[in-house]
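# An overview of the molecular structure
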Amino acid sequence: MNAPADSAAFAPLVSPRAVPEAFLAELRARFGAQCSTALAVREHHGRDESVYVDMPAPAAVVFAESTRDVQDAVQLCARHQVPVIPFGIGSSLEGHLLAVQGGISLDLSRMNQVLSINAEDLTVTVQPGVTRKQLNEELKSTGLFFPIDPGADATLGGMCATRASGTNAVRYGTMRENVLALEVVTARAEVIRTGTRARKSSAGYDLTRLMVGSEGTLGVMTEITLRIYPLPEAILAAICSFPSIADAVHTVIEIIQLGVPIARVELLDGKTVAMVNRHAKLSLREEPMLLMEFHGSPAGVKEQAETVQDLASGHGGQAFEWATTPEERTRLWTARHNAYFAGVQSRPGCRAISTDTCVPISRLAECLLDSAAEADASGITYFLVGHVGDGIFHFGYLVDPRDAKELALAEDLNHKLVSRALRLGGTCTGEHGVGLHKMDFLREEAGLGAIDMMRAIKQALDPDNILNPGKIFAA
């Protein structure tokens with residue numbers, strides 16, 4: 001793909017639909033104080049963490065507090081053919097929440113109840129506004145936890161919608177593997193249930209998996225049943241510095257290919273470690289670094305850690321730092337989770353064009369190192385982190401969102417990176433989702449036949465195209 005000539009070349013297509021005054025009047029009558037048309041509220045719900053700025057705000061925001069609220073809001077939107085965009089906390093990175101065709105934002109953050117904890121079955125049922133940290137706080141007394149950790153304290157509804165992943169996925173999988181059942185409000189304002197609390201099923205089409213990752217375009221999730229896990233008997237975290245990114249990446253490849261059951265393995269390059277040090281007032285060695293975590297019995301984690309230390313030493317790994325107490329582990333993982341904010345704050349006023357390509361582990365070194373060389377040669381400021389145990393890594397190209405040249409440079413690097421990942425058997429998005437920013441890449445990855453099938457599913461389930469229109473493919 002060629003680099004766009006200016007920012008308009010990759011800005012989303014904005015084509016607002018009319019929002020009848022009669023619709024707004026009905027919305028106010030039904031929801032009262034739960035409906036807001038205040039500009040500040042609408043603007044807050046009309047932006048996310050993507051590079052897109054100066055986008056139109058939704059016409060109104062409805063704060064749903066129950067499944068019935070969601071039903072009634074969708075029913076009104078269907079009657080007037082007004083778009084409805086589900087909203088969690090606004091942490092998405094690819095323009096999922098933007099009102100490119102107008103309509104209303106349906107805020108689900110008040111639907112934040114943990115409905116049931118079934119400790120014996122290792123399942124939990126929650127409303128979509130529950131955040132991952134809130135859920136784990138509720139689970140603390142049971143000796144169980146929910147492992148999916150995308151970094152941000154995202155809502156579980158948003159994590160389902162984007163098929164989120166994160167730092168623990170190398171051991172526990174992604175949202176795809178951990179969502180058992182859903183309650184969903186359809187475009188016709190019907191409430192359906194998909195899946196059960198059973199661990200497996202061969203009953204009909206897998207509608208749960210269809211909804212997970214649909215980014216609000218096929219239905220609005222109102223209840224979610226998840227797998228949960230026993231807290232490990234022992235947890236050991238460690239960091240290790242390397243002379244080069246290549247040494248760190250080859251260490252990870254050996255760890256995975258050897259079958260070491262590592263729970264987390266994260267890469268930060270030297271520039272990113274320096275940003276994190278400034279942001280969090282730490283004193284980590286400003287070299288490529290792996291941050292790792294091991295779960296299991298005390299003997300098991302000790303054996304895993306010693307094996308990894310031996311592998312790392314063979315690639316120049318040094319300055320191992322072990323963390324066994326919760327406070328020490330929290331300090332290390334806080335540094336990792338703050339990498340995005342550290343990067344953005346290193347250049348005030350910037351936005352990050354964040355990549356999330358994923359490749360087979362055997363091609364990780366080739367993809368990552370070639371992409372890093374391109375970014376270094378371009379002179380662009382960036383941070384680099386990755387859940388490299390899964391073959392995924394993130395460049396955050398730091399740009400002025402109103403500078404067409406910087407945007408074009410970052411998009412060119414992004415295009416080259418994605419094209420490289422696809423050539424190596426990878427994907428254009430490993431965890432952020434498609435939204436607006438990845439639509440062209442999805443067409444290249446999936447092909448026209450698969451895109452046509454997706455369109456057919458969308459048309460069948462949402463014939464009036466009211467559910468988060470303009471996302472995934474420009475429908």
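Overview of the structure. Numbering of residues starts from 1 in each chain and follows the order in which that chain's sequence is written. Owing to the predicted nature of the model, reporting of local features is limited to residues with pLDDT of at least 70; listing and counting of side-chain atom pairs is limited to 80 or more, with chain, interface and lining totals taken over all residues. Hydrogen atoms and water are omitted, and side-chain values are computed over all heavy atoms in the structure.

### Considering the pattern of salt bridges
- In what follows, salt bridge is the name for a side-chain nitrogen of Lys or Arg lying within 4 Å of a carboxyl oxygen of Asp or Glu. What the rule picks out here adds up to 28 salt bridges.
- Across the pair arginine 30 and aspartate 69 runs a salt bridge whose closest N-O atoms are separated by 2.7 Å. With a gap of 39 residues between them, arginine 30 in helix H1 (residues 21-31) and aspartate 69 in helix H3 (residues 67-80) connect regions that are remote in the sequence.
- Exposure is judged per residue with a 1.4 Å probe applied to protein chains only, and the accessible area is read against the type maximum: over 50% gives exposed, under 20% gives buried, and values in between give partly exposed. According to the relative accessible area criterion, arginine 30 is partly exposed, its value standing at 30%.
- For aspartate 69, a relative accessible area of 7% translates into the label buried.
- Residue aspartate 121 pairs with arginine 197 through a salt bridge whose shortest N-O separation is 2.9 Å. Placement of the pair is aspartate 121 in the loop between strand E5 (114-118) and strand E6 (123-126) and arginine 197 in the loop between strand E9 (191-195) and helix H8 (207-211), with a sequence separation of 76 residues.
- When its relative accessible area of 42% is taken as the criterion, aspartate 121 is described as partly exposed. Helix and strand labels come from DSSP, where a helix needs a run of H or I of at least four residues and a strand needs a run of E of at least two; each type is numbered from the N terminus.

### Examining the environment of leucine 139
- Following the sequence through the fold, leucine 139 ends up in helix H4 (residues 132-139).
- A relative accessible area of 0% places leucine 139 in the buried class.
- Separated by 20 residues in the primary sequence, leucine 139 and alanine 119 place their C-alpha atoms 9.2 Å from one another.
- Among all residues touching leucine 139, those that are not within four sequence positions of it are Ile117, Leu144, Phe145, Phe146 and Ile228. When checking whether two residues touch, look at their non-hydrogen atoms; a contact exists if any pair is within 4.5 Å.

### A look at the environment of valine 191
- Relative to the helices and strands, valine 191 resides in strand E9.
- Judged by its relative accessible area of 36%, valine 191 falls in the partly exposed class.
- Along the chain, valine 191 and threonine 67 lie 124 residues apart, while their C-alpha atoms are 8.3 Å from each other.
- When near neighbours in sequence (up to four residues on either side) are disregarded, valine 191 contacts Thr67, Gln71, Glu183, Val184 and Val185.

### Digging into the sheet that holds E9
- Here we have five strands laid out as an open sheet, ordered E5-E6-E10-E8-E9, and antiparallel in their pairing. Every interior strand has two partners, whereas the edge strands, E5 and E9, have only one. Averaged over all pairs of adjacent strands, the angle between their axes in this sheet comes to 10°, without regard to strand direction.
- Where strand E8 (residues 179-185) meets E9, five bridges bridge the pair, whose relative direction is antiparallel. By the bridge assignment, valine 185 is partnered in E9 with valine 191.
- Simply put, an axis is a line fit to the C-alpha atoms, just over the touching stretch for a helix, and the angle between two N-to-C directions goes from 0 to 180 degrees. Here H3 sits on the sheet and contacts E8, E9 and strand E10 (220-227); the angle it forms with E8, its principal contact strand, is near 50°.
- Contacting E5, E6 and E10, H4 crosses the sheet at an angle of about 50° to E5. Here, strands pair whenever DSSP counts at least two bridges between them.

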